[in-house]
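Chain by chain, the residues:
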Amino acid sequence: MSPFLSGTQIRQTFLDFYAARGHQILPSASLVPEDPTVLLTIAGMLPFKPIFLGQRQSEFLRATTSQKCIRTNDIENVGRTARHHTFFEMLGNFSFGDYFKEQAIAWAWELSTQVFGLPPENLVVSVFQEDDEAFAIWRDQIGIPAHRIQRMGEADNFWASGATGPCGPCSEIYYDFHPELGDAHIDLEDDSRFIEFYNLVFMQYNRDAEGNLTPLQARNIDTGLGLERMAQILQKVPNNYETDLILPIIKTAAEIAGIDYTQADENTKVSLKVIGDHVRAVVHMIADGINASNLGRGYVLRRLIRRVVRHGRLIGIEKEFTSKVAETAIALSEIAYPLVRQLEKQIKAELQLEESRFRETLDRGEKLLAEVIEKVGEKGEISGHDAFVLYDTFGFPLELTQEVAEEKGLTVDAEGFAAEMDQQRRRSQAAHETIDLTVQGTLDTLAETLDQTQFLGYSQVASGAVVQVLLVGGQSVATASAGDEVQIILDQTPFYAESGGQIGDRGYLSGDETLIRVEDVQKSGSLFVHYGQIERGALKVGDLVTAQIDLACRRRAQANHTATHLLQAALRQIVDENIAQAGSLVSFDRLRFDFNLPRAVTAAELQKIEEQINTWIAEGHQAEIEVMAIAAAKAKGAIAMFGEKYGDEVRVIDFPGVSMELCGGTHVANTAEIGLFKLISESGVAAGIRRIEAVAGLAALEYLSLRDKIVRELSDRFKAKPEDLTDRVMALQTELKNTQKQLEAVKGELALAKSDQLLSQAEAIGSFKILVASLAEVDAESLKTVAERLLQKLGEGAIVLGSAEAEKVNLVAAFSPGVNQKGLQAGKFIGAIAKLCGGGGGGRPNLAQAGGKDASKLPDALAAAQMQLREGLG
């Protein structure tokens, strides 16, 4: 029997399995891909696509990841099938010119059967119909009977990066839920019996323009194991939604709606599943910097949020609820993706804003529906087009339009609606495959006709330049005037364009009577695009301007960028020589450095790192910058960042005896120019990935000045020297704790003193007495003590007490044995009552506690408790 593993355990088990076999654990890439041809990260291999296409070199021969993915092309199937999702995690192991079929198959089988414990008799595999090599490995080395190895065509089992380029056959592992049906008629398309959970892609050919296949010199492995699918198998549940990855989200939504998911009808379950799936998606999209809008990936986010709200309304949720459900999704994801917890406030704020706006939109949609009904008249038909506009623009589901129409004696053209939906689906899929956002599409077209922008910023901070392209609102224009937000391409520029983790320069472009403030510079292929606003005058294509960077900002970025190199050198020297960069940010006011390490950096190590970096700064190491062949650079020992794109020639930043890296960023000429380095924080951001944030140069001085100001203010307030502040605060904390304990004790004693007065309120129900009462501002523990004491004095009966404490509700139920014999149990009883206050709880049959969040509902909840006790004991 395969073991039960949580989703978190499955993810970590996969990564650990391949890490033990020489794979570098890398963090999930953002859902916003680097690939401009793809709107969102749709596959686990997407971050490695440039490596597979030969556009970048990989620092590692083997890698393993758990990659966040979003797909919306089958969005209508979400919640209706056992396995369709918009958000999913793809576990992958990758080989870049290292091991190939034999090893990939052997490890996949070992992981599936020996680690995850799947019975071999429950597994079926597929291979490409012409891949005799893979067939023989499965049959002869793994030992799978030939009749359980299915040969399939190119549509199912052959991967290609495009019409030309790297490609190769696939092999997939399926789980058979019903092996007792035998092997005579295996149909892998039968979703009720089989689920594909592991896909192995063998990248072994290159396809030319004529369709000819030639063997690749360096063959690659790209695999994907669906986390949700493996969870369904190991947790033995009927679908992916009822795994511990999604079910808690569903239960939160069900609780808000006052629904028991297990007892719900099929349509209600579909709505709850849609909410469970989509909330996972939107939480991660917002965390990765996507904001709701009407364009591109922002539209995808908005559409998903609106579907959540719409399905919430379908199951009776009338109040705002998305941020509450998101809390559960964040709690489920924070171990693997700490960023969602760090950005919890932003995520919930975005959801609340979008939900509020959409509810207003729905109200307007109801008005439009009334106008449509008036236009149609009595006993008419609402057109498919009108029904679709209501659905697509205002979020009205077809069934809601049909329900309202039926009440008015009307019908709805469902076939016309389906035709409109089909047209939209085709447009959506076409857009998904050929993404061309307005600005990016224009820039891609221009890149084919313009020479690359000449970058002068390594040696110059200002230069003359000619305006080659001028964009306003993403469209190419001949002129622009004051107030216009513009994108400008020059023939040459001293402005650094964002790359390698370093943000773009700021500054100004100026002419005789023209001034443009440049806020950002981005690369589009070989072009540098200056983003800014015209502050005065007008600008025309062909104008000569002076480009001047903000030197103060450049110096800050240089200090932080060089400090990042020193940080990596110190980490490798003090913590682990195998540490490698896994991402970075170099801005004007701080730096961030992500690196692979399976544990936290200790406080002692952090102190040594900070001291070492400041020692290197004080020693004044001179920078030696040289452009050389990449092979020569690596031979000298220069460090390259994994996944970064390098050409045949590279720029080497060398501080002899300290650090040597490949880097295209701007740096100080001497480490002494940095002045000061200060660590701010160290934390985990993903499995096996740590993050250090720090400041350098003037930013470090500003940071320390602020801290010094705070310390001085605290010293004045606490009347203590700075060195005594810690002891003073600890003493105050101890004093406060003791005071709180004394206060709680007094409250408890007061509650007990008042409790005897409550006995006169007891109500006789047959041979039982019941007492339901509210006590002001009593904590949960004291309330429990009072209930136990009252029950002792009451004898056979039931006590239910409630108290509102700082907007929080405390509830307790104490039942005598006789009450239990009547079928009433304190745990179940008080849990149901707590739901009326927006909470929950439970406990033993004779004594149970619960809590709630809505103190205004306490009187109603206690009244309901009294009524139920009367009915149960009467």
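Rules of the game
- Residues numbered from 1 in each chain as written.
- Predicted model: local features only at pLDDT ≥ 70, side-chain atom pairs only at ≥ 80, totals over all residues.
- Heavy atoms only, no water.
- Helix = DSSP H or I, 4+ residues; strand = E, 2+ residues; numbered from the N terminus.
- Buried < 20%, exposed > 50% of the residue type's maximum accessible area, 1.4 Å probe, protein only.
- Contact = heavy atoms within 4.5 Å.
- Areas by Shrake-Rupley, 256 points an atom, 1.4 Å probe, with all protein chains shown as cover.
- Lys, Arg positive; Asp, Glu negative; His and termini not counted.
- Charge placed at Lys NZ, Arg CZ, Asp CG, Glu CD.
- Phe/Tyr/Trp six-rings, centres within 6.5 Å; stacked < 30°, edge-to-face > 60°.
- Pairing = 2+ DSSP bridges.
- Axes fitted to C-alpha atoms, helices over the stretch in contact; angles between N-to-C directions.
- Patch = residues over 30% accessible without salt bridge, like charges linked within 9 Å, V, L, I, M, F, W, Y side chains within 5 Å.
- Salt bridge = Lys/Arg side-chain N within 4 Å of Asp/Glu carboxyl O.
- Core = buried A, V, L, I, M, F, W, Y, C linked by side-chain atoms within 4.5 Å.

A.B. asks: Would you explain the overall build of the chain in this entry?
C.D. replies: In terms of helices and strands, the chain carries 25 helices and 35 strands. Considering only C-alpha atoms, the chain reaches an extent of 95 × 85 × 70 Å along its principal axes. Classification of the 874 residues of the chain by burial places 50% in the buried group. Taking as baseline every contact in the chain between residues at least 6 positions apart, the subset at least 24 positions apart corresponds to 68%. A total accessible area of about 39,900 Å² is found for the chain, and carbon and sulfur atoms account for 49% of it. Here the chain contributes 87 positively and 121 negatively charged side chains, and the mean placements of these two sets differ by 6 Å.

A.B. asks: Honestly, the packing of aromatic side chains in this entry has me stumped. Any pointers?
C.D. replies: We describe a pair of aromatic rings using the distance from one ring centre to the other and the angle between the two ring planes. Per the stated rule, a full pass over the model turns up 19 aromatic pairs. Ring centres 6.5 Å apart and planes at 45° place the aromatic pair F52 and F94 in the tilted group. In this pair, F52 is assigned in helix α2 (residues 49-52) and F94 in strand β3 (residues 87-96), connecting sequence segments 42 residues apart. Taking relative accessible area as the criterion, F94 reaches 0% and is therefore assigned buried.

A.B. asks: Which parts of the structure should I look at to understand the sheet that holds strand β26 (residues 649-655)?
C.D. replies: Picture the strands of a sheet paired through backbone hydrogen bonds; they go either parallel or antiparallel. Strand order in the open sheet formed by three strands is β25-β26-β27, with antiparallel pairing between adjacent strands. The open sheet has two edge strands with one neighbour each: β25 (624-629) and β27 (659-662). Taking each pair of neighbouring strands and ignoring which way they run, the sheet shows an average axis angle of 25°. By the bridge criterion, four bridges tie β26 to β27 in an arrangement that is antiparallel. Residue D654 lies in a different strand from β27, and its bridge partner there is M660. Against the sheet, helix α17 (residues 551-574) touches β26 and β27, its axis set at about 115° to β27.

A.B. asks: Just checking my understanding: could you explain a nonpolar patch on the surface for this structure?
C.D. replies: Taken together, L706, I710 and L714 make up a surface patch of nonpolar side chains, about 250 Å² in accessible area. Among the structural elements, L714 can be located in helix α20 (residues 698-718).

A.B. asks: In this structure, what is going on with the sheet that holds strand β33 (residues 808-815)? I would like to understand it.
C.D. replies: Taking strand neighbours across the sheet as the criterion, the six strands line up as β30-β31-β32-β33-β35-β34 in an open arrangement whose pairing is mixed. At either margin of the open sheet sits one strand with a lone partner, and together these are β30 (763-765) and β34 (840-843). Across the sheet, the mean angle from the axis of one strand to that of its neighbour is 15°, orientation sign disregarded. Bridge analysis of strand β32 (residues 797-805) against β33 gives eight bridges, and the strand direction is antiparallel. In the sheet register, E805 faces β33, and the bridge partner there is K808. Across the sheet, helix α22 (residues 780-794) is in contact with β31 (768-774), β32, β33 and β35 (847-852); its angle to β32 comes to roughly 155°.

A.B. asks: Just to check I follow, could you spell out the nonpolar core for this structure?
C.D. replies: Ranked by internal contacts, the top residues of the largest apolar core, which has 85 residues, are W138, F197 and Y198. For Y198, the residues in contact, after removing those within four places along its chain, are F14, Y18, N93, A108, L111, S112, S171, E172, I173, T223, G224 and L225. Ranked by size, the runner-up nonpolar core spans 31 residues in total, among them A559, A563, A623 and A694.

A.B. asks: Teacher, can you tell me more about the side chain of R148 here?
C.D. replies: Relative to the helices and strands, R148 resides in the loop between α4 (132-142) and β5 (149-152). The residues touching R148, leaving out its near neighbours within four places in the chain, are E121, N122, L123, V124, V125, D176, D183 and I186.

A.B. asks: I keep staring at the pattern of salt bridges and nothing clicks. Help me out?
C.D. replies: Opposite charge on two side chains permits pairing when their charged atoms draw close. Evaluated as defined, the whole model comprises 40 salt bridges. With its nearest N and O atoms 3.7 Å apart, the salt bridge here joins R148 to D176. In this pair, R148 sits in the loop between α4 and β5 while D176 sits in strand β7 (residues 165-176), placing the two residues 28 residues apart along the sequence. Residue D176 is classed as buried on the basis of its relative accessible area, which comes to 0%. Here R712 makes a salt bridge to D708, at a shortest N to O gap of 3.0 Å. Highlighted residues: R712 and D708, both in helix α20, separated by four residues, approximately one helical turn. Ionic contacts of the salt-bridge type, sharing partners, join the residues K324, E327, E334, R341, E344 and K348 into one network.

A.B. asks: What is the right way to look at helix α6 (residues 227-235) in this model?
C.D. replies: Counting along an α-helix, one turn takes 3.6 residues, and residues three or four places apart therefore face a common direction. Across the nine residues that make up α6, a large majority, nine, are buried. Looking at the buried side of α6, the elements it contacts are α1 (7-19), β3, β7, β8 (194-207), β9 (213-226) and α8 (266-287). A positive backbone phi angle near 55° is found at K236, which sits one or two residues after α6.

A.B. asks: Just checking my understanding: could you explain the environment of L234 for this structure?
C.D. replies: Position of L234 relative to the elements: it lies in helix α6. Taking the relative accessible area as the measure of exposure, L234 reaches 0% and is therefore buried. The sequence separation of L234 and P859 amounts to 625 residues, and the corresponding C-alpha distance is 45 Å.

Remember, this is a structural readout, not a statement about activity or role.
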